Amino acid sequence: MTEADRAANVLGALALAVADQLSASAGRAGVSDSAGAALSALYHFLDRPTLEQLSRVLGLTHSAVVRLVDRLASTGLITRGPGDDRRSRTISLTPQGRDVARTIEAVRADALNAAIAGFSAEELRQLHSLTGRVMANIVQSKDGGAWICRLCDLEACDRASGHCPTANAAAAKYGRPQ
């Protein structure tokens, strides 16, 4: 077994452990993983998206997004509004939906901060650098599916100032948005 094999194996175990923690954060907020991702995306960066836009972000089929939106609307977490044409509808968070999204964000942050507890400032810088490189590699090899940042706190990665490794890798791969 090589160093690369060992590192990849530990990274895989870490990814599953973190995914389990993040899944539990949505559950603690009383929603499913996909509902948590939808609420988080609506809270952080989607402004009145259409079902198609939400489908692309979540990596779900149109019919799965329709069912998800129906569930979220029936529980009072989102509302539907008119789209740009007669056939499209937009989705918005309700005040209750914003509260649930903030709960998901807080539980997620607690879980992730617990995972890095006790690291020194230098270790955190190294971790950020290494995980940023891992994310860039993932963006380079990713083709379709859900958006990587669908659960991210975009302020934490300082995306607006150009410090998000995922956004930077996507810009390098696809070009900067117009």
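Residues numbered from 1 in each chain as written. Predicted model: local features only at pLDDT ≥ 70, side-chain atom pairs only at ≥ 80, totals over all residues. Heavy atoms only, no water.

> Help me out: how do you make sense of the packing of helix H1 (residues 3-28) against helix H5 (residues 95-115) in this one?
Axis angle and axis distance: for two packed helices, these are the angle between their axes and the distance between the axes, and together they describe the pair. Contact pair H1 / H5: the axes reach a minimum separation of 8 Å and the direction vectors enclose 150 degrees. Here H5 runs roughly antiparallel to H1, going by the angle between their axes. As for how H1 packs across H5, the hand of that crossing is right-handed. Packed against H1, whose contacting residues are Val-18, Gln-21, Leu-22, Ser-25, Ala-26 and Arg-28, the element H5 presents Ile-104, Val-107, Arg-108, Ala-111 and Leu-112 at the interface. Across the contact of H1 with H5, the residue classes break down as seven nonpolar, two polar and two charged. (Axes fitted to C-alpha atoms, helices over the stretch in contact; angles between N-to-C directions. Helix = DSSP H or I, 4+ residues; strand = E, 2+ residues; numbered from the N terminus. Parallel < 35°, antiparallel > 145°, perpendicular 65-115°, else oblique. Left-handed = near helix turned anticlockwise from the far one by under 90°. Contact = heavy atoms within 4.5 Å. Nonpolar A, V, L, I, M, F, W, Y, C, P; charged D, E, K, R; others polar.)

> What is the right way to look at the packing of helix H2 (residues 33-44) against helix H3 (residues 51-58) in this model?
Close contact between H2 and H3 brings their axes to 10 Å; oriented N to C, the two are set at 115 degrees. Crossing angle aside, the handedness with which H2 passes H3 is right-handed. Contacts between H2 and H3 involve Ser-34, Ala-37, Ala-38 and Ala-41 from the former and Leu-54, Val-57 and Leu-58 from the latter.

> Help me understand the state of the cysteines in this model?
Such a bond, covalent and formed between the sulfur atoms of two cysteines, is termed a disulfide. Scanning all chains against the criterion turns up zero disulfides. Here Cys-157 is not disulfide-linked; the sulfur of Cys-164 is the nearest cysteine sulfur, at 3.7 Å. By relative accessible area, Cys-164 is classed as buried at 3%. (Disulfide = S-S within 2.5 Å. Buried < 20%, exposed > 50% of the residue type's maximum accessible area, 1.4 Å probe, protein only.)

> Whenever I open this one, the pairing of strand S1 (residues 78-82) confuses me. Can you help?
With five bridges connecting them, S1 and strand S2 (residues 89-93) associate as antiparallel partners. Its bridge partner lying in S2, Gly-81 is registered against Thr-90. Joining the antiparallel neighbours S1 and S2 is a turn of six residues. (Pairing = 2+ DSSP bridges.)

> Which parts of the structure should I look at to understand the pattern of salt bridges?
Any two side chains of opposite charge can pair, so long as their charged atoms come close to each other. Counted by the stated rule, this structure contains five salt bridges. Between Arg-56 and Glu-52 there is a salt bridge, and its shortest N-O distance comes to 3.7 Å. Taken as a pair, Arg-56 and Glu-52 lie in helix H3 at a separation of four residues, close to a single helical turn. Classification of Glu-52 by relative accessible area gives partly exposed; the value is 41%. Two residues, Asp-70 and Arg-80, come together in a salt bridge whose shortest N-O distance is 2.2 Å. You can see Asp-70 sitting in helix H4 (residues 62-74) and its partner Arg-80 sitting in strand S1, a full 10 residues away along the chain. What makes Asp-70 partly exposed here is its relative accessible area of 38%. The partly exposed category is assigned to Arg-80, whose relative accessible area is 36%. (Salt bridge = Lys/Arg side-chain N within 4 Å of Asp/Glu carboxyl O.)

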